[in-house]
Amino acid sequence: MNLEETPREHAFREEVRDWLAREITSIGTFERFADRLEADRRLAGAGYLGYHWPEQFGGGGGTPNLAAILDAERAEAGVPASSSPSRFGINLLGPTLMVHGTPAQQHEFLPPILRAEAVWCQGFSEPEAGSDLANVQCAGRLEGDALVLEGSKVWTTQAHEADWCFALVRTDPKAPRHRNLSFVLIDMRQDGIEIQPLVQLTGQAEFSQVFFEGAKVPLAQVVGEIGEGWKVAMTTLGAERTFAQLSRYRQYEAEAARIGDMLRALEPETRDKWLERYGRARADLTGIRNLSYKITSLATAGEELGALTSVTKLWWSTTHQRLVELGYEIAVEADLEVDLWYRLWLESRGETIYAGASQIQKNIISERILGLPR
Amino acid sequence: MDFRFDKDERDIIDQVGLTLRRHLRPARLLDDASVDGAWRALAEDGWIHAGLAAEFGGAELPLAMVAAIGRESGRVVAGDAYTNNAVLLPALFAGAGPEALADFAPGFLLGDGRGLAPQGGDGEQSSWCFGAEPGFAAYEIDGGRLVRYPAGSWELRGPAGLGLAIGAVTLRADAEPDLTVDATPFDPGTLAAANVVHAAGLVGLGETALADTVEYVGQREQFGGPIGRFQAIKHGLAEVAVWLEVAWNAVLYAALQPSDVAVSIAHLQAVEACDAATRAMVQFFGGIAMTWEHHAHLYVKTAQLSRFRFGSTREHALRVVGELSTEAVVL
């Protein structure tokens, strides 16, 4: 057990930091999708996109430790993996295709992901299939050598920017639950697809409801067997929950430092009443860092992560909500940056809902870690 | 970076846990003979001085391993004796020089002392003694001197009716020290290490409280099935499990990098986790946990009395915010 970087890790951190300063920070503030995509393409050119992918699939074969360093440095430079347009391809679809894709599918779809040429979105959730993902209703009806889609998907992040969507569709209305779904790759640039952005609490529209009316998926774009989509999707969800969260830690630390700046602007006697809560919030943030270290170390040693990823999801989402709540209250008191903290407060409400709601994570923890009955 | 114990380290930790559990189970906590047995077994196997330098007879285990042993000690609800004997007393002996060590060391290395441990670095006598048992020597700091009182010359005076061997150590009127040496106050490093091992013990205590509660709600049937199937209970215990995981990681981080901030974070989170675990235990066991018919009360009391050692949560939170605080924090 140790926290020291090896010389190789240290050199890699320096190399990445220099490269990011040289090639990335000049692009802009990364508020625009186009800027973030440009950053992805430059990262791809240097081999930093899919750095942790195995070499046989064109990746960098980086160890979990090196990938974690890259993740943290990207966050510092303003291009965290969590806001990268390529994240659905790199983190979710890529690892899924490596396990379940045919050689032809791997050959066709993996390289464009690594070059940030194909932007992907994820089509799992539906109006009636949120936490109960297996209740997918969007139909894929077999016609000739293609599936014809009827139905809709919801909460689809960056749907209006995406070239492709990987999705679960119901291909056999009569088969039992978990045996009636197929995992498909949908070309988003075709007729029969309508995208309706959903305006969020903040007034922005990062995700949409997507309606399919006759859009087609050639059978060559079904991953795994027809009817085996649930199994394929489990690999995707497993991939979703395995990343370390160092980039989040860096991002939230920066927000905490901003709260510190607001506190400094207050008179000492007003400031003091906030300090205990602020100290606790900062303490709790380090839990994200430590969990990331643990996940990375276990992954490096090839040990099972179990439900540790659920612990991590629950922790970062609730900790960040507490931090932002504090920031908002102090902003009002100090009359500084109220708009910013109000927006962050609204935004952070979603964090305990998406990527597995807190209630689902608690079910997983209580059943898989504690062994309580279902 | 490798933020996990490897197999060899885990084997050592498991062995300590087995030794402790062989002698000490919560139901026997009030049985002096069991406590003595566990403590002496720990000493005989060399775990008490595992963290000491080789020149003092120790195995020089790193602080993370000493913390892991402290966690095992917490898991059998052994109070804070491990922190006292493994970290604080050796530091005093080391400061007192080789002659003092020759006089003192054999006794405590054999488990002969698990007594009075000072709270801070100011040399004042402690008002609380953690895990002191009749039959052992008590040590105290008195005006820059370290003194030892033999068994029988002091008594433990706890808050009335607590039923737990935690309380104020009070010397009898005729008590005479049998050894006295000059001692140096604890240096900051020693206090940091003690705080880390103390926090580890709190995590261990919380883990046992959680494990007992999980076992109980899996067996206790109401409304036609085990109550552990209800989400109200599952989610409450899941939250406790998350706190304990986070707290244990904070302890390990502080053990590897014992800065003031890291140590304070470990303290804050261990207190929070242990508090959450023992409160949940009482709530989910229900009425029986409000009585002496069940051992839950021992866990709760140990948690509540231990949490104030080595500084309050407010002091630690202020240490985390650093220069923003105008309040001087002296732990």
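Let me begin by describing the structure that accompanies this report.

Cut-offs and rules
Residues numbered from 1 in each chain as written. Chains lettered and ligands numbered in written order. Predicted model: local features only at pLDDT ≥ 70, side-chain atom pairs only at ≥ 80, totals over all residues. Heavy atoms only, no water. Helix = DSSP H or I, 4+ residues; strand = E, 2+ residues; numbered from the N terminus. Buried < 20%, exposed > 50% of the residue type's maximum accessible area, 1.4 Å probe, protein only. Areas by Shrake-Rupley, 256 points an atom, 1.4 Å probe, with all protein chains shown as cover. Rg over C-alpha atoms; globule rule 2.2 N^0.38 Å. Contact = heavy atoms within 4.5 Å. Lys, Arg positive; Asp, Glu negative; His and termini not counted. Charge placed at Lys NZ, Arg CZ, Asp CG, Glu CD. Buried area = accessible area lost by both parts, 1.4 Å probe. Salt bridge = Lys/Arg side-chain N within 4 Å of Asp/Glu carboxyl O. Polar contact = N/O pair within 3.5 Å; in protein donor to acceptor, adjacent residues only side chain to side chain. Nonpolar A, V, L, I, M, F, W, Y, C, P; charged D, E, K, R; others polar. Core = buried A, V, L, I, M, F, W, Y, C linked by side-chain atoms within 4.5 Å. Pairing = 2+ DSSP bridges. Expected span 1.5 Å × (residues − 1). Axes fitted to C-alpha atoms, helices over the stretch in contact; angles between N-to-C directions. Parallel < 35°, antiparallel > 145°, perpendicular 65-115°, else oblique. Left-handed = near helix turned anticlockwise from the far one by under 90°.

The next point concerns the overall build of chain B. Within chain B one finds 10 helices and 8 strands. Among the 331 residues that make up chain B, the fraction classed as buried is 60%. Surface accessibility of chain B: about 12,800 Å² in total, with carbon and sulfur atoms responsible for 53%.

Next up on the list: the overall build of chain A. Of regular secondary structure, chain A possesses 11 helices and 8 strands. Radius of gyration (C-alpha) of chain A: 22 Å, near the 21 Å computed for a compact globule of 374 residues. Looking at chain A as a whole, 54% of its 374 residues are labelled buried. Restricting the contact set of chain A to residue pairs at least 6 apart, pairs at least 24 apart contribute 71%. Of the charged side chains in chain A, 39 are positive and 53 negative; the average position of the first set lies 3 Å away from that of the second.

Another aspect to go through is the interface of chain B and chain A. Listed as interface residues are 45 residues of chain B and, on the opposing side, 45 residues of chain A. For chain B, the biggest contributors to the area lost against chain A are Met1, Lys234 and Leu324 of chain B; these three give 20% of the whole. When the shortest N-O distance is used, the salt bridge between Arg280 of chain A and Glu272 of chain B registers 3.0 Å. For the pair chain B and chain A, the interface holds 20 residue pairs in polar contact (both at pLDDT 80 or more). Put simply, the parts of the chain that give the side of chain B that touches chain A at least two residues each are helix 1 (7-23), helix 6 (188-219), helix 7 (231-256), helix 8 (260-285) and helix 10 (313-321) of chain B. For the side of chain B that touches chain A, the element with the highest residue contribution is helix 7 of chain B, accounting for 16 residues. When grouped by side-chain class, the residues that make up the side of chain B that touches chain A number 25 nonpolar, 9 polar and 11 charged.

A few words on the nonpolar core. Membership of the largest hydrophobic core comes to 126 residues, with the highest contact counts inside it found for Leu263 of chain A together with Phe5, Leu237 and Val251 of chain B. Of all the elements, helix 7 of chain B adds the most residues to this core, at 17 residues.

With that out of the way, let us pick up unusual backbone geometry. Residues and elements named next belong to chain A. Backbone geometry at Gln158 places phi at a positive 50°, although glycine is not the residue there. Inspection of the secondary structure assignment puts Gln158 in the loop between strand 3 (146-157) and strand 4 (164-170). Among the residues examined, Gln158 registers a relative accessible area of 6% and is labelled buried. The backbone of His178 shows a phi angle near 75°, a positive value even though the residue is not glycine. Note on placement: His178 falls in the loop between strand 4 and strand 5 (181-187).

Residue and element names in this part refer to chain A. Most of strand 4 sits out of view: 7 of its 7 residues are buried. Alternating residues of strand 4 divide into Trp164, Phe166, Leu168 and Arg170 and Cys165, Ala167 and Val169, and every residue in both groups is buried. In terms of strand pairing, strand 1 (residues 120-123) meets strand 4 through 4 bridges, oriented parallel. Opposite Trp120, over in strand 4, you have Trp164 as the bridge partner. Taken together, the 7 bridges between strand 4 and strand 5 define a ladder with antiparallel strand orientation.

Here we come to the environment of Leu219 of chain A. All names here are of chain A. Relative to the helices and strands, Leu219 is located in the loop between strand 7 (207-218) and strand 8 (222-223). A relative accessible area of 34% places Leu219 in the partly exposed class. Taking the C-alpha atoms as reference points, Leu219 and Tyr342, 123 residues apart in sequence, are found 47 Å from one another. If we ignore the near neighbours within four places in the chain, the residues touching Leu219 are Leu142, Gly144, Asp145, Ala146, Leu147 and Ile226.

This paragraph deals with the environment of Ser317 of chain A. Residues and elements named next belong to chain A. Among the secondary structure elements, Ser317 is positioned in helix 9 (residues 308-334). Accessibility expressed as a relative area gives 0% for Ser317, which makes it buried. In this structure Ser317 touches Glu351, Thr352 and Ser358, once residues within four positions along its chain are discounted. One polar contact links the side chain of Ser317 to the main-chain carbonyl oxygen of Lys313, over a distance of 2.8 Å.

Turning next to helix 7 (residues 246-265) of chain A. Under the 1.5 Å per step criterion, the end-to-end length of helix 7 of chain A is 29 Å for 20 residues, consistent within 8% with the ideal 28 Å. Within helix 7 of chain A, burial applies to Leu246, Ser247, Arg248, Tyr249, Tyr252, Glu255, Ala256, Ile259, Gly260, Met262 and Leu263 of chain A.

This part is about the packing of helix 8 of chain B against helix 9 (residues 296-306) of chain B. Residue and element names in this part refer to chain B. Close contact between helix 8 and helix 9 brings their axes to 9 Å; oriented N to C, the two are set at 155°. Viewed along their axes, helix 8 and helix 9 adopt a mutual orientation that is roughly antiparallel. When you trace helix 8 past helix 9, the crossing you get is left-handed. Between helix 8, through Cys274, Asp275, Thr278, Met281 and Val282, and helix 9, the contact on the second element is made entirely by Ala296, Tyr299, Val300, Ala303 and Gln304. Residues of the contact of helix 8 with helix 9, tallied by class, amount to 7 nonpolar, 2 polar and 1 charged.

Quick look at helix 7 of chain B now. For helix 7 of chain B, spanning 26 residues, the distance from its first C-alpha to its last is 37 Å, which sits close to the expected 38 Å at 1.5 Å a residue. Burial of helix 7 of chain B is extensive: 22 of the 26 residues sit out of reach of the surface.

With that settled, consider the side chain of Asp2 of chain B. Its location among the elements puts Asp2 of chain B in the segment before helix 1. One polar contact links Asp2 of chain B to Arg4 of chain B, side chain to side chain, over a distance of 2.8 Å.

A separate point is the pattern of salt bridges. Tallied over the entire structure, the rule returns 40 salt bridges over all chains. Between Glu276 of chain A and Arg280 of chain A there is a salt bridge, with its nearest N and O atoms 3.9 Å apart. In this pair, Glu276 of chain A and Arg280 of chain A both sit in helix 8 (residues 268-300), 4 residues apart, roughly one turn of the helix. A residue is classified by how much of its surface remains accessible, and Arg280 of chain A, at 24% relative accessible area, is partly exposed. Salt-bridge contacts for Arg277 of chain A lead to Glu329 of chain A; the nearest nitrogen and oxygen are separated by 3.0 Å. Of this pair, Arg277 of chain A sits in helix 8 while Glu329 of chain A sits in helix 9, placing them 52 residues apart in sequence. On the basis of relative accessible area, Glu329 of chain A is assigned to the partly exposed category, the value being 30%. Counted as one network, the salt bridges with shared partners bring together Arg21, Arg71, Glu72, Arg75 and Glu207 of chain B.

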